[in-house]
Amino acid sequence: MQEIFARTALTPQGWRDDVRVTIGGDGRIVSVVPGTEPAAADVVPVLLPALSNLHSHTFQRAMAGLAERRGQEGRDSFWTWRKVMYRFLDRLSPDDVEAIAAFAFMEMLEAGFCAVAEFHYVHHRAGGAPYADIAELSGRIAAAAGQTGIGLTLLPVLYRHGGADRRPLAGGQLRFGNDPAAFESLMARAGEHMARLPGDQVLGAAAHSLRGAGIADIRAAMALRPDTPFHMHIAEQEPEIEEILAAHGARPVEYLLGEVTVDKRWCLIHATHMNAVETERLARSGAVAGLCPITEANLGDGIFNAPAFRQAGGRLGIGSDSNVRISVAEELRQFEYSQRLKHRARAVLAEAGGSCGRALHDAALAGGAQALGRDTGALEAGKWADLVALDPAAFAGVGHGDAVLDGWVFAGGNDAVTDLWSAGRHVVRAGRHVAREAIAGRYAATLETLVADL
Ligand code: NGQ
Ligand code: ZN
């Protein structure tokens, strides 16, 4: 049993003062009692249910800041970035994958994320030969989650083609490829690796995109674990809309919704470019739109149509995707700010009369929990103890009510996070991960070898 005493906490009933939260040995919340006396060991100023990060490619963390140079010719774009990314991933050994994942997971925890959906598509050796264990790299991701204590929803990704015209994989993409039979064995082995993690782990699946997998392959991948999360990238770039239109005579979201049942288990990553009909239909499907505001800005993707999507009851969450910067507060801020710039308005995501920070937080909390298939998202008995403690002094902010969230999102950042519990694992204390030194040391050594000849 652990006890936390919070001066103020966000409960399903709203903000409450002097709250004692008791956590069971199984990592779930036993009780949440407001109006108590501080008797507990851990006394924190503000306690919140922690957010889940619904989309990550951890290996890309090691490229942060290394792909911001403009090429000699033409226009830099998502597609030129992707070439650099492919060159980079071709160098990664299993040890590198694990060291980078551990470092990124640690940073996520320090930023206030309790859990992550790792959209994992690098499966094989450079050139495409499988490892002796086909799920070697899935095992390395699981091991990194174990070292850091983050809650992991692992999404092994099916990837077969180099484009919607079914051209073969080439270059760096050779590390991604599996036919449906190989993918089934990979999923089974990944399940064995995941079984070594604590009980909050989840194994779902994904298809990379309508460019990387055909609709029959997507249906087969969906059928492997029917009740678990299923994710896919969609409609991120305008050339991608043209590519799907040319191959299938329909826009990506329109095409997908017409071919498979998209429901609550689905998370569509980006969904940046949707027309009004697609926006409305996706919102009504119950699926989560997986927004990655910092990465989408970094890659020049475009701006999600948030007002229409929310109006139609759409669910959304946030992901750190390329991990060029890992921050809960900055993701929510970037999301709202791109809406403000586009619509030339303020507090776009807020309800009438309500706090913007609170609305962003609540939406991402619910959407993240759903997308990860994780029993989380509230300070409530029975849920995983996924908790983050903030110190509003870090942003010289108000310590009560929704102003805490507005302060954190618009004026604060990672340094306001003092403590984090993931399914009861108290892995961030005084703002630092408990194993930071070892994890950061291993990462620095890895990075040195990787960038030596970049
Ligand atoms: C990815 N990342 O799979 O890592 C993609 C780029 C692609 C983002 N879209 C590759 N942020 O979509 O083909
Ligand atoms: Zn992605």
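As the structure is a prediction and not an experimental result, all values here were calculated from the model. (Residues numbered from 1 in each chain as written. Chains lettered and ligands numbered in written order. Predicted model: local features only at pLDDT ≥ 70, side-chain atom pairs only at ≥ 80, totals over all residues. Heavy atoms only, no water.)

Caption draft 1: Quick peek at helix H14 (residues 436–451). Taking 1.5 Å per residue, 16 residues should reach 22 Å; H14 reaches 22 Å between its end C-alpha atoms and fits that length. Among all positions in H14, only Ile439, Tyr443, Thr446 and Leu450 are buried. For H14, the buried positions fall inside an angular range of 65° around the axis, keeping them on one side. The exposed residues of H14 that point more than 90 degrees off its buried face are Glu437, Ala438, Glu448 and Thr449. Elements in contact with the buried residues of H14: helix H1 (78–89), helix H2 (94–111), helix H3 (136–148) and strand E17 (432–433). (Helix = DSSP H or I, 4+ residues; strand = E, 2+ residues; numbered from the N terminus. Expected span 1.5 Å × (residues − 1). Buried < 20%, exposed > 50% of the residue type's maximum accessible area, 1.4 Å probe, protein only. Arc of directions from axis to C-beta. Contact = heavy atoms within 4.5 Å.)

Caption draft 2: Quick peek at the coordination of the zinc ion (ligand 2). Donor atoms from the polypeptide that coordinate the zinc ion (ligand 2) comprise His55 (NE2), His57 (NE2) and His233 (NE2), at 2.0 to 2.1 Å from the metal. Within one chain, the residues serving as donors to the zinc ion (ligand 2) are arranged as H-x1-H-x175-H. Of this pair, histidine 55 sits in strand E5 (residues 51–56) while histidine 233 sits in strand E10 (residues 230–234); the two residues are 178 residues apart in sequence, bridging distant segments of the chain. In terms of burial, histidine 55 and histidine 233 fall into one category: buried. (Donors = N, O, S within 2.8 Å, 3.2 Å for Na, K, Ca; no water.)

Caption draft 3: A look at the site of ligand 1. Of all residues adjacent to ligand 1, which total 15 residues, the nearest are Arg82, Tyr121, His208, Arg211 and Glu236. In this structure, arginine 82 approaches ligand 1 through a side-chain N or O atom, which is 2.7 Å from an oxygen atom. The protein chains hide 99% of the 340 Å² of surface that ligand 1 would expose on its own. Element by element, the count of residues in the shell around ligand 1 is highest for H1, at four residues. Residues that form the shell around ligand 1 fall into these classes: five nonpolar, six polar and four charged. (Near = heavy atom within 4 Å. Polar contact = N/O pair within 3.5 Å; in protein donor to acceptor, adjacent residues only side chain to side chain. Areas by Shrake-Rupley, 256 points an atom, 1.4 Å probe, with all protein chains shown as cover. Nonpolar A, V, L, I, M, F, W, Y, C, P; charged D, E, K, R; others polar.)

Caption draft 4: Expanded view of the state of the cysteines. Taken as a whole and assessed by the stated rule, the structure comprises zero disulfides. With no disulfide partner, cysteine 114 has as its closest neighbouring cysteine sulfur the one in cysteine 267, 15 Å distant. The exposure class of cysteine 114 is buried, given its relative accessible area of 0%. With no disulfide of its own, cysteine 267 has cysteine 292 as its nearest cysteine by sulfur position, at a separation of 8.1 Å. (Disulfide = S-S within 2.5 Å.)

Caption draft 5: The sheet that holds strand E4 (residues 42–49), seen in detail. Ordered in space as E3-E2-E1-E4-E14-E15-E16-E17, the eight strands form an open sheet in which the pairing is mixed. Pairing within the sheet leaves two strands with one partner each, and these edge strands are strand E3 (29–33) and E17. Here strand E1 (residues 2–11) runs beside E4; their pairing, made up of five bridges, is parallel. For isoleucine 4, the partnering residue across the bridge sits in E4 and is aspartate 42. Against the sheet, H2 contacts strand E15 (417–422), strand E16 (425–429) and E17, and its axis sits at roughly 115° relative to E15. (Pairing = 2+ DSSP bridges. Axes fitted to C-alpha atoms, helices over the stretch in contact; angles between N-to-C directions.)

Caption draft 6: Seen up close, unusual backbone geometry. Even without being glycine, aspartate 18 reaches a positive phi, approximately 50°. Residue placement: aspartate 18 occurs in strand E2 (residues 14–23). Under the relative-accessibility criterion, aspartate 18 is labelled partly exposed at 30%. Despite not being glycine, alanine 347 shows a phi value in the positive range, around 45°. Inspection of the secondary structure assignment puts alanine 347 in the loop between helix H11 (328–343) and helix H12 (356–372). Residue alanine 347 is classed as partly exposed on the basis of its relative accessible area, which comes to 33%.

Caption draft 7: Here's a closer look at the pattern of salt bridges. Inspection of every chain in the model, using the stated rule, returns 24 salt bridges. Between glutamate 107 and arginine 61 there is a salt bridge, with its nearest N and O atoms 2.6 Å apart. Of this pair, glutamate 107 sits in helix H2 while arginine 61 sits in the loop between E5 and H1, and the two are 46 residues apart along the sequence. When sorted by exposure, glutamate 107 lands in the same class as arginine 61, which is buried. (Salt bridge = Lys/Arg side-chain N within 4 Å of Asp/Glu carboxyl O.)

Caption draft 8: Quick look at the packing of H11 against H12. Closest axis-to-axis distance for the H11/H12 pair is 10 Å, and the angle between their directions is 115°. As for how H11 packs across H12, the hand of that crossing is right-handed. Between H11, through Leu332, Phe335, Glu336 and Arg340, and H12, the contact on the second element is made entirely by Cys356, Leu360, His361 and Ala364. Taken together, the residues of the contact of H11 with H12 break down into five nonpolar, one polar and two charged. (Left-handed = near helix turned anticlockwise from the far one by under 90°.)

Caption draft 9: Looking closely at the packing of aromatic side chains. Applying the stated criterion across every chain, the model contains eleven aromatic pairs. Ring plane angle 75° and centroid distance 5.1 Å describe the contact between phenylalanine 304 and phenylalanine 309, whose orientation is recorded as edge-to-face. Residue phenylalanine 309 is classed as buried on the basis of its relative accessible area of 0%. Centre to centre, the rings of tyrosine 337 and phenylalanine 410 are 5.7 Å apart; their planes meet at 40°, and the pair counts as tilted. Of the two residues, tyrosine 337 sits in helix H11 while phenylalanine 410 sits in helix H13 (residues 403–411), which places them 73 residues apart along the sequence. On the accessibility criterion, tyrosine 337 (35% relative accessible area) is partly exposed. Its relative accessible area of 22% is what places phenylalanine 410 among the partly exposed residues. Through a chain of ring-to-ring contacts, the aromatic side chains of Phe59, Tyr86, Tyr121, Tyr159 and Phe176 assemble into a single cluster. (Phe/Tyr/Trp six-rings, centres within 6.5 Å; stacked < 30°, edge-to-face > 60°.)

Caption draft 10: Broad picture of the environment of valine 409. Mapped onto the elements of the fold, valine 409 is located in helix H13. A sequence separation of 395 residues divides valine 409 from glycine 14, and the C-alpha atoms of the two residues are 18 Å apart. Each residue touching valine 409, except ones within four places of it in the same chain, is listed here: Ala329, Leu332, Arg333, Gly357 and Leu360.

Caption draft 11: Examining the nonpolar core more closely. By size, the foremost hydrophobic cluster in this structure holds 134 residues, and its most contacted members are Phe105, Leu152, Ile218, Leu256, Trp266 and Trp408. Considering each element in turn, this core owes the most residues, eleven residues, to H2. (Core = buried A, V, L, I, M, F, W, Y, C linked by side-chain atoms within 4.5 Å.)

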